[in-house]
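Structural overview
Next come the chains, spelled out residue by residue.
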Amino acid sequence: METEEQARTRFQSELEFIQCLANPNYLNFLAQRGFLRERPFINYLKYLLYWKEPEYAKFLKYPHCLHMLELLQYEHFRKELVNAQCAKFIDEQQLLHWQHYSRKRTRLQQALAEQQQQAQQPPHGNATAK
């Protein structure tokens, strides 16, 4: 039976490892060293799918690692990761996504701030008392 300390250590180790999956260069490293062809490692990746559950996913700092974990369930994807160009392409796509997300988030925050500012201003009107 696993002790509380062992469970905590396993949780921390798996949390750290699964977040490493967000790094395409690390995935390329694993593929080039043959880990992604080994049945025990593939089974471990399948086991890690429990991190998609909300009670675990809330601890992730890099949630896109879950997408990579999902893709790693497919043999074709695992084979393609041996190619450094594949890892480079994924890396570039992540960067483009983050840039787009950051710009979109900034625009949304600015629009919200403007709405709040307008809501605090009294309505304009020249109603005069007769």
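Here, the structure is the one placed above.
Every value quoted in this text rests on a predicted model; they were computed, and no experiment measured them. (Residues numbered from 1 in each chain as written. Predicted model: local features only at pLDDT ≥ 70, side-chain atom pairs only at ≥ 80, totals over all residues. Heavy atoms only, no water.)

**Quick look at the overall build of the chain**
Looking only at helices and strands, one finds seven helices and zero strands in the chain. For 130 residues, the compact-globule formula gives about 14 Å, and the C-alpha radius of gyration of the chain, at 23 Å, lies well above that figure. Principal-axis analysis of the C-alpha atoms gives the chain an extent of 85 × 45 × 20 Å. Among the 130 residues that make up the chain, the fraction classed as buried is 25%. Within the chain, contacts between residues separated by at least 24 positions form 68% of all contacts whose residues are at least 6 apart in sequence. Accessible area for the chain stands at about 10000 Å²; split by element, carbon and sulfur atoms hold 55% of it. (Helix = DSSP H or I, 4+ residues; strand = E, 2+ residues; numbered from the N terminus. Rg over C-alpha atoms; globule rule 2.2 N^0.38 Å. Buried < 20%, exposed > 50% of the residue type's maximum accessible area, 1.4 Å probe, protein only. Contact = heavy atoms within 4.5 Å. Areas by Shrake-Rupley, 256 points an atom, 1.4 Å probe, with all protein chains shown as cover.)

**Remarks on the packing of helix H1 (residues 4-20) against helix H3 (residues 39-47)**
Viewed as axis vectors pointing N to C, H1 and H3 meet at an angle of 100 degrees, and their least axial separation amounts to 12 Å. Judged by the angle between their axes, H1 and H3 are roughly perpendicular. On the side of H1, the interface is formed by Arg10, Glu14 and Phe17, while H3 contributes Phe41, Tyr44, Leu45 and Tyr47. Looking at the contact of H1 with H3, its residues break down into five nonpolar, no polar and two charged. (Axes fitted to C-alpha atoms, helices over the stretch in contact; angles between N-to-C directions. Parallel < 35°, antiparallel > 145°, perpendicular 65-115°, else oblique. Nonpolar A, V, L, I, M, F, W, Y, C, P; charged D, E, K, R; others polar.)

**Let's talk about the pattern of salt bridges**
Under the defined criterion, the tally for this structure stands at seven salt bridges. Ionic pairing is found between Arg8 and Glu5, a salt bridge with its closest N-O pair at 3.3 Å. Here Arg8 pairs with Glu5, and both are found in helix H1, just three residues apart, close to one helical turn. With relative accessibility at 38%, the residue Arg8 sits in the partly exposed group. A salt bridge links Arg10 to Glu14; the nearest nitrogen and oxygen atoms lie 3.6 Å apart. Taken together, the residues span about one helical turn, with Arg10 and Glu14 both in helix H1 at a distance of four residues. (Salt bridge = Lys/Arg side-chain N within 4 Å of Asp/Glu carboxyl O.)

**A look at the packing of aromatic side chains**
Within the structure shown, the criterion is met by twelve aromatic pairs. Ring geometry for Tyr26 and Phe29: centres 6.2 Å apart, planes at 15 degrees, overall stacked. Here Tyr26 pairs with Phe29, and both are found in helix H2 (residues 24-32), just three residues apart, close to one helical turn. Ring centres of Tyr44 and Tyr47 lie 5.9 Å apart, and the angle between their planes is 25 degrees; on these two criteria the pair is classed as stacked. Residue Tyr44 and its partner Tyr47 are located together in helix H3, separated by three residues, close to a single helical turn. (Phe/Tyr/Trp six-rings, centres within 6.5 Å; stacked < 30°, edge-to-face > 60°.)

**Some remarks on H3**
If you check which residues of H3 are buried, you get Phe41, Ile42 and Leu45. Projected down its long axis, H3 shows its buried positions confined to an angular sector of 100 degrees, all on one face. Of the exposed residues in H3, the ones pointing more than 90 degrees away from its buried face are Arg39, Pro40 and Lys46. Against H1, H2, helix H5 (65-71) and helix H6 (75-80) lie the buried residues of H3. (Arc of directions from axis to C-beta.)

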